[in-house]
Amino acid sequence: MSSIEGYHAHVYFDAQTIEQARALCETVAAKFDIRMGRVHERPVGPHPDWSCQLAFEHAKFADVMLYLALNRNGLVIFTHPDTGDDLADHTEHAIWMGGIRELNVGMFKV
């Protein structure tokens, strides 16, 4: 298995849940001292919904994931490792909370 450089958790939301998602992402970033990306009010990259990315290292995986699982309040969260294989990371290695959304992974295929 490839080495894991870290993880990305993508919190999905829409116009009705943007403030909920922003609050969750800001809380998690501060609580666990991890990087929070932009709050995208449009689909970005392979993501079918509006999203915000949280990036963290392996040592924080359990704590971040447990917190997200218990505090997502209905939001869908897509998490994947960063192994350098974007296609596998976004498909075979995907971890979903609250539902599975179809990603546009065509950009990762060669």
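Here, every reference points to the structure presented above.
The structure reproduced in this document is the subject of the present report. Computed from a predicted structure; not experimentally measured. Here, residues in each chain are numbered from 1, in the same order as that chain's written sequence. Predicted model: local features are reported for residues with pLDDT of at least 70 only, side-chain atom pairs are reported and counted for 80 or more only, and whole-chain, interface and lining totals are derived from all residues. Processing note: side-chain calculations cover all non-hydrogen atoms of the structure and skip hydrogens and water entirely.

## Regarding the pattern of salt bridges
Here is step 1: The term salt bridge refers to a side-chain nitrogen of Lys or Arg lying within 4 Å of a carboxyl oxygen of Asp or Glu. Summed over all chains, the structure comprises 3 salt bridges.
Here is step 2: Of the charged contacts in the structure, one is a salt bridge between Glu19 and Arg22, with a shortest N-O distance of 3.6 Å. With Glu19 and Arg22 both in helix H1 (residues 18–32) and 3 residues apart, the pair spans about one turn of that helix.
Here is step 3: With a closest N to O distance of 2.6 Å, Arg101 and Asp49 form a salt bridge. Of this pair, Arg101 sits in the segment after strand E5 (95–97) while Asp49 sits in the loop between strand E2 (35–40) and strand E3 (50–56); the two residues are 52 residues apart in sequence, bridging distant segments of the chain. Strands are runs of DSSP state E lasting at least two residues, helices are runs of H or I lasting at least four, and both sets are numbered from the N terminus onward.

## Considering the environment of Phe78
Here is step 1: Here Phe78 lies in strand E4 (residues 77–81).
Here is step 2: Residue exposure (1.4 Å probe, protein chains only): buried if accessible area is under 20% of the type maximum, exposed if over 50%, otherwise partly exposed. A relative accessible area of 0% means that Phe78 is categorised as buried.
Here is step 3: Sequence separation between Phe78 and Ile100 is 22 residues, and the spatial gap between their C-alpha atoms is 8.0 Å.
Here is step 4: Each residue touching Phe78, except ones within four places of it in the same chain, is listed here: His8, Ala9, His10, Tyr12, His47, Asp89, His90, Ala94, Ile95, Trp96 and Leu103. Two residues form a contact once any of their heavy atoms are found within 4.5 Å.

## Considerations on helix H2 (residues 61–71)
Along an α-helix, a turn takes 3.6 residues, which lines up residues three or four apart on a common side.
Here is step 1: Taken as a whole, H2 has its buried residues at Val64, Met65 and Leu68. Along the axis of H2, the buried positions cluster into a sector of 95°, meaning they face one direction only. Exposed and facing more than 90 degrees away from the buried side of H2 are Leu66 and Leu70.
Here is step 2: Backbone geometry just after H2 places Asn73 at a positive phi near 45°. Working note: the arc is built from the helix axis to C-beta atom directions.

## Focus on H1
Here is step 1: The terminal C-alpha atoms of H1 lie 21 Å apart, and with 15 residues this matches the ideal 21 Å at 1.5 Å per residue to within 8%.
Here is step 2: Burial in H1 covers these residues: Ile18, Ala21, Leu24, Cys25, Val28, Ala29 and Phe32. Taken around the axis of H1, the buried residues stretch over an arc of 130°, which confines them to a single face. Turned more than 90 degrees away from the buried face of H1, the exposed residues are Glu19, Ala30 and Lys31.
Here is step 3: For H1, the secondary structure elements touched by its buried residues are strand E1 (7–13), E2, E3, H2 and E4.
Here is step 4: Of the residues flanking the end of H1, it is Asp33, one or two places downstream, whose phi is positive at about 50°. Here, expected helix span is obtained from the residue count minus one, scaled by 1.5 Å.

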